[in-house]
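# Observations on the model geometry
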Amino acid sequence: MDWLTLIASLLAVLLVIGVVRAAMPGRARIVDPQEAAHLANDMVSDFATRDAVVCERGGSALCIGAEGDAVVLKRLGSRYAARRLKPPFVTEPTGERGLRIASGERFFGKVELDFADTDARDRWAARLMDTA
Amino acid sequence: MTDLPSPVDYAVPAFVMLMLAEVWLVRRRDALGQNSHGYDASDTATSLFLGLGSTIAGALSVGLVFAMAVWVHQFALFDISLEFSRWWWAWLLCFVLDDLAYYVFHRSAHRIRWFWASHVIHHSSQHYNLSTALRQTWTGFLSLGFLFRLPLFLIGFPPAMVFFCAGLNLVYQFWIHTEAIGRMPRWFEAVMNTPSHHRVHHATNPRYLDRNYAGVFIVWDKLFGSFEPETGAETIHYGLVRNIGSFNFLWAAFHEWIGIARDVWHAPGWRAKLNYMIREPGWSHDGSRETSHTIRERWRARQGDLEWAKNSTSSSSEVVLPEVLPPGG
């Protein structure tokens, strides 16, 4: 591979990324808890959602499972990435309505859940702890 | 090194044009309400930078791999020449046998973690489009994937012929990474690898896990019992059973190697340390993790239960189906 080929390849890569960025501006959005539950059940083997909540205008979701576990969904571009979490859950409240859940993995990171209000946040945080 | 051109180099402009055409098609379909989110700029960037990096990594190791092939070829059983007019049948045979070697390599790449650590990069996108085809490994040399082609040199196929056929094989596999094409004609689906067959391969649905390893000819999967047709009955989820959840291309390139290193470091005893490298992805010394086999078997058992429950409706008045989910609040 010579320098000319490398530069031409790099320009082609940037061209395609630019076109995709311009043509596909949409991001994924979970519409309701039912959709979050379906996603969690489909993406995480042998996970059965009992209850789910969609946060941050569809950007993330929390699904509570039947066996004391939970799945967090976080937006990754136009898809979602899922992580099954087992107790003890590591959470911390953020701001008025937020709850941050640690995935335990550096590159997956922490998932930010933004609830409708403080009561909803506290209710779901308590629910998560009760599940465990 | 060889007078033959690299088919991949010549195909790159076509790759770019086809990707742009696919973007246009996906956008048009989305405008008609399909909302497939078939492309994402960050995902495409990760795929293409991994592809570019793979080309550079390949260029760095190609000399050594070619030298090794030439050395092995001196022990060849037959004397086969590159001359096409006289040895056209050898070219055809080489293409077919190279595809068989690819099948064996690819199956191993999903069943042995050392090989998987390199191949996982190609499966790390949750999208399935033409850019995914270019999401290629940076560590192919380290995982020793080239060993699977050595028998071809021992038979007598010249290294230049084998690498040319391997290039054609790679070019063929580009167009099958798309959701834009449904099914090809029945005769074609029966013999060749197609977008439909390869969607199955990239799926994480338990039904489809570790199936359809073919490169060009799907007949290998049918012969060796690893074929699974696309049903269309369930939404396909692409990527990994445990998606990496990041667009960081360095993490995509090296995460499984880092995982192996961590597991080997913490494993109790030499047998466990070795098994973390040579057993199937997901194997663990204490059985705490899931392999594609355990996921499939559990799914099959659940399907069996559901089937039993469905059948019993014909003789009884009610059946318990999975709980319908209540809305969150």
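Everything here concerns the structure above.
In what follows, the accompanying structure is described. (Residues numbered from 1 in each chain as written. Chains lettered and ligands numbered in written order. Predicted model: local features only at pLDDT ≥ 70, side-chain atom pairs only at ≥ 80, totals over all residues. Heavy atoms only, no water.)

## Describing the overall build of chain A
Helix and strand content of chain A: 3 helices and 7 strands. Relative to the globule expectation of 14 Å for 132 residues, the C-alpha radius of gyration of chain A, 18 Å, shows a markedly less compact shape. Based on the C-alpha atoms only, the size of chain A along its principal axes is roughly 60 × 30 × 25 Å. Burial statistics for chain A: of 132 residues in total, 48% are counted as buried. Contacts in chain A between residues far apart in sequence, at least 24 positions, make up 41% of those at least 6 positions apart. Carbon and sulfur atoms provide 53% of the accessible area of chain A, an area that totals close to 6,600 Å². Charge centroids of chain A, computed over 18 positive and 18 negative side chains, lie 4 Å from each other. (Helix = DSSP H or I, 4+ residues; strand = E, 2+ residues; numbered from the N terminus. Rg over C-alpha atoms; globule rule 2.2 N^0.38 Å. Buried < 20%, exposed > 50% of the residue type's maximum accessible area, 1.4 Å probe, protein only. Contact = heavy atoms within 4.5 Å. Areas by Shrake-Rupley, 256 points an atom, 1.4 Å probe, with all protein chains shown as cover. Lys, Arg positive; Asp, Glu negative; His and termini not counted. Charge placed at Lys NZ, Arg CZ, Asp CG, Glu CD.)

## Points about the interface of chain A and chain B
Between chain A and chain B, the residue contacts involve 46 residues of the former and 42 residues of the latter. Its largest share of buried area at the contact with chain B, chain A owes to Met 24, Arg 79 and Phe 107 of chain A, together 18% of the area lost on that side. The tally of links from chain A across to chain B stands at 3 salt bridges. Put simply, Glu 105 of chain A and Arg 242 of chain B hold a salt bridge, and the shortest N to O gap is 2.4 Å. Listing elements by their share of the side of chain A that touches chain B, those giving two or more residues are helix H1 (3–23), helix H2 (33–43), strand E1 (49–55), strand E3 (70–76), strand E4 (79–85) and helix H3 (118–131) of chain A. The dominant element in the side of chain A that touches chain B, judged by the number of residues it contributes, is H1 of chain A, at 14 residues. Across the side of chain A that touches chain B, the residue classes tally to 27 nonpolar, 8 polar and 11 charged. (Buried area = accessible area lost by both parts, 1.4 Å probe. Salt bridge = Lys/Arg side-chain N within 4 Å of Asp/Glu carboxyl O. Nonpolar A, V, L, I, M, F, W, Y, C, P; charged D, E, K, R; others polar.)

## Description of H2 of chain A
Residue and element names in this part refer to chain A. Within H2, the full set of buried residues consists of Pro 33, Ala 36, Ala 37, Leu 39, Ala 40 and Met 43. Angular distribution of buried residues about the axis of H2 spans 165 degrees; they occupy a single face of the element. Looking at the buried positions of H2, the neighbouring elements they touch are E1, strand E2 (60–65), E3 and E4. (Arc of directions from axis to C-beta.)

## Looking at the pairing of E3 of chain A
Residues and elements named next belong to chain A. Counted residue by residue, E3 has 7 buried out of 7 residues, so it is predominantly covered. The two faces of E3 match: Ala 70, Val 72, Lys 74 and Leu 76 on one face and Val 71, Leu 73 and Arg 75 on the other face are all buried. Pairing of E2 with E3 involves 5 bridges; the strand directions are antiparallel. When the bridges of E3 are listed, Ala 61 appears paired with Leu 73. (Pairing = 2+ DSSP bridges.)

## Let's talk about the packing of aromatic side chains
A complete count under the given rule lists 24 aromatic pairs over all chains for this structure. When the centroid spacing of 6.1 Å and the interplanar angle of 80 degrees are considered together, the rings of Tyr 103 of chain B and Tyr 213 of chain B count as edge-to-face. Of this pair, Tyr 103 of chain B sits in helix H3 (residues 84–111) while Tyr 213 of chain B is found in the loop between helix H9 (195–202) and helix H10 (219–223), placing the two residues 110 residues apart along the sequence. Aromatic ring contacts, followed pair by pair, group Phe 49, Trp 138, Phe 249 and Phe 254 of chain B into a single cluster. Over the ring of Phe 108 of chain A we find Lys 74 of chain A; its NZ or CZ atom is 4.7 Å from the centre of that ring. For the cation-ring pair, Lys 222 of chain B lies above Phe 227 of chain B, with the distance from its terminal atom to the ring centre recorded as 5.0 Å. (Phe/Tyr/Trp six-rings, centres within 6.5 Å; stacked < 30°, edge-to-face > 60°. Lys NZ or Arg CZ within 6 Å of the ring centre and 35° of its normal.)

## Some details on the side chain of Thr 44 of chain B
Position of Thr 44 of chain B relative to the elements: it lies in helix H2 (residues 41–73). Look at Thr 44 of chain B and you get buried, because its relative accessible area is 0%. When near neighbours in sequence (up to four residues on either side) are disregarded, Thr 44 of chain B contacts Val 16 and Val 20 of chain A together with Tyr 39 and Ser 131 of chain B.

## Focus: the nonpolar core
Residue and element names in this part refer to chain B. Within the largest apolar cluster, 25 residues are counted, with the highest numbers of intra-cluster contacts made by Phe 157 and Met 161. For this core, the secondary-structure elements that each account for two or more residues are H2, H3, helix H6 (150–155) and helix H7 (159–174). Per-element accounting of this core gives the leading share, 7 residues, to H3. Once you skip the residues sitting within four places of it in the chain, Phe 157 turns out to touch His 73, Ile 80, Ala 90, Leu 93, Cys 94, Leu 97, Leu 152 and Val 162. (Core = buried A, V, L, I, M, F, W, Y, C linked by side-chain atoms within 4.5 Å.)

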